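Here is what each chain is made of, one letter per residue.
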Amino acid sequence: MDRLGVDYVDFYLLHALDKKKWQTVLDLHVLDVVEKLQKQGKIKHLGFSFHDTYPVFEEIITYRSWDFCQIQYNYLDTDIQAGDRGYALAEKLNVPLVIMEPIKGGTLTRLPEDISAILKAVDPQASLASWALRWVGSHKNVKVILSGMSSYDQVKDNLATFKDFKPLNKQEKEAVEEVQRVIKSRQKNGCTACAYCMPCPFGINIPKNFQYWNEASMLNQPERLKDGYESLKDAKAEFCKQCGACEKLCPQHISIREDLKRIAEEVKSL
Ligand code: SF4
Ligand code: SF4
């Protein structure tokens, strides 16, 4: 507060909670500390931001009565992280939402041409960013949408989207649903990133390997696989020992070993 030059903080987040950090919050009794600060009026609204799977989200959001919560949400990420189920639960619990990644880090502005044509057919003038933002903003429990911008044109476009904001109408919603359907039909496998198969005894990050593979295919952006795969270092598909332990745990019955082999081979050919 000294550094900010304020006497209290309006919105205070326990930031980027996942399973491990949430355990740390509990072990170190962090909630006792922030709740005391809130009683003293030094925190007005207490929330958390989140990056993990839905079961972890459910555990955290139902643990106490939060004032708000910040999640990743966009029309492509409806099944991963908190996703649609997380949105519905927050709404049911009356926890207002702040949304990160509404355009998926810019990905939804770089759709393959045949897919963007579905949206252009409905509104030739609207930017792809505006479709993504309006989809998020059409959810009534979304109160704030955070979008990273890297040019003045993007600032102007986003401002135009939110000036006299209009939720998606029926025809527009159907167009986005069609985009979702086409993109998802290009998935390589049906991994939902639930992480039930984790941890792999040999350190392979199974859901991340599949995420990069699926996204590269869905969006026709092979570089997503190349760059994402390289960032995995020792957790890359090529280090899979083919032990099979993970496959018994996958609710989607994915041939994890076979698919990891395919990923390793595909990356080699890029
Ligand atoms: S088959 Fe591969 S990914 Fe699955 S648990 Fe064994 S080493 Fe890990
Ligand atoms: S491979 Fe199966 S268990 Fe593992 S994250 Fe994907 S869907 Fe879940």
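Before any of the text, the structure's been laid out above.
What counts and how
- Residues numbered from 1 in each chain as written.
- Chains lettered and ligands numbered in written order.
- Predicted model: local features only at pLDDT ≥ 70, side-chain atom pairs only at ≥ 80, totals over all residues.
- Heavy atoms only, no water.
- Helix = DSSP H or I, 4+ residues; strand = E, 2+ residues; numbered from the N terminus.
- Rg over C-alpha atoms; globule rule 2.2 N^0.38 Å.
- Contact = heavy atoms within 4.5 Å.
- Areas by Shrake-Rupley, 256 points an atom, 1.4 Å probe, with all protein chains shown as cover.
- 1 Å grid on protein atoms, 1.4 Å probe; cavity = no way out; pocket = protein on both sides within 12 Å on 5 of 7 lines; lining within 4 Å.
- Points joined across faces, edges and corners; volume = space filled by probe spheres on them.
- Nonpolar A, V, L, I, M, F, W, Y, C, P; charged D, E, K, R; others polar.
- Patch = residues over 30% accessible without salt bridge, like charges linked within 9 Å, V, L, I, M, F, W, Y side chains within 5 Å.
- Salt bridge = Lys/Arg side-chain N within 4 Å of Asp/Glu carboxyl O.
- Polar contact = N/O pair within 3.5 Å; in protein donor to acceptor, adjacent residues only side chain to side chain.
- Buried < 20%, exposed > 50% of the residue type's maximum accessible area, 1.4 Å probe, protein only.
- Arc of directions from axis to C-beta.
- Near = heavy atom within 4 Å.
- Pairing = 2+ DSSP bridges.
- Axes fitted to C-alpha atoms, helices over the stretch in contact; angles between N-to-C directions.

Here we take up the overall build of the protein. Per the secondary structure count, the protein includes eleven helices and five strands. Against the 2.2 N^0.38 benchmark of 18 Å for 270 residues, the protein shows a C-alpha radius of gyration of 20 Å, consistent with a compact globule. Counting contacts in the protein only where the partners sit at least 6 residues apart, residues at least 24 apart contribute 70% of the total. For the protein, the accessible area works out to roughly 14900 Å², and carbon and sulfur atoms hold 51% of it.

With that settled, consider unusual backbone geometry. The residue after Met-198, namely Pro-199, is reached through a cis peptide bond having omega 0 degrees. Within the element layout of this structure, Pro-199 appears in the loop between α8 (170-185) and α9 (206-218). Here the phi dihedral of Glu-101 falls at roughly 55 degrees; this positive angle occurs in a residue that is not glycine. The residue Ala-193 is not glycine, and still its phi comes out positive at about 60 degrees. When you line up the elements, Ala-193 lands in the loop between α8 and α9.

So, on to the layout of surface pockets. A volume near 530 Å³ is recorded for the largest pocket. Around the largest pocket, the lining comprises 21 residues; the ones closest to its centre are Asp-52, Thr-53, Ala-193, Ala-195 and Pro-207. Contributing elements (two or more residues each) for the lining of the largest pocket: α3 (54-61) and α9. Of the residues belonging to the lining of the largest pocket, the class tally is ten nonpolar, six polar and five charged.

Let's shift gears to a nonpolar patch on the surface. On the surface, Met-1, Leu-4, Val-6 and Tyr-8 cluster together to form a nonpolar patch covering roughly 380 Å² of accessible area. Within the element layout of this structure, Leu-4 appears in the segment before β1 (9-17).

This next bit is on the pattern of salt bridges. Enumeration according to the criterion identifies 15 salt bridges in this entry. When the shortest N-O distance is used, the salt bridge between Arg-64 and Glu-35 registers 2.8 Å. A residue pair is termed long-range when its members are at least 10 positions apart, and Arg-64 in the loop between α3 and β3 (68-72) and Glu-35 in helix α2 (residues 30-39) qualify at 29 residues. Ionic contacts of the salt-bridge type, sharing partners, join the residues Asp-77, Lys-104, Glu-215 and Arg-224 into one network.

For the rest of this paragraph, the subject is empty space enclosed by the protein. Take a probe with the size of a water molecule and roll it over the atoms, and the empty space left behind shows itself. A full pass over the atoms with the stated rule returns one cavity of 30 Å³ or more. The class makeup of the residues in the lining of the largest cavity is twelve nonpolar, two polar and no charged.

With respect to the secondary-structure elements, Glu-238 resides in the loop between α10 (222-231) and α11 (256-268). Between the alpha carbons of Glu-238 and Leu-270 there is a distance of 15 Å; along the sequence they are 32 residues apart. Once residues lying within four places of it in the same chain are set aside, the contact partners of Glu-238 are Tyr-229 and Ala-264. Side chain to side chain, Glu-238 and Tyr-229 meet in a polar contact 2.8 Å long.

All of the buried residues in α3 are Tyr-54, Val-56, Phe-57, Ile-60 and Ile-61. Projected down its long axis, α3 shows its buried positions confined to an angular sector of 155 degrees, all on one face. Taken together, the buried residues of α3 touch β1, α1 (19-27), β2 (43-50), β3 and α4 (83-92).

Turning to the site of ligand 1, a few remarks are in order. In the neighbourhood of ligand 1, 13 residues make up the surrounding shell, with Cys-200, Cys-240, Cys-243, Gly-244 and Cys-246 lying closest. Split by residue class, the shell around ligand 1 holds nine nonpolar, two polar and two charged.

Either a parallel or an antiparallel arrangement is found when strands of a sheet pair, and the pairing is made through backbone hydrogen bonds. A sheet is described by the order of its strands in space; here five strands give the open sequence β1-β2-β3-β4-β5, paired in parallel fashion. The two strands at the open ends of the sheet, each matched to only one other strand, are β1 and β5 (142-145). On average, each strand axis in the sheet is tilted by 25 degrees relative to the strand beside it, whichever way the strands run. Across four bridges, the pairing between β3 and strand β4 (residues 97-100) is parallel. Following the sheet pairing, Gln-70 is matched in β4 by Val-98. Contacts from α3 reach β1, β2 and β3 within the one sheet, and its direction differs from that of β2 by about 165 degrees.

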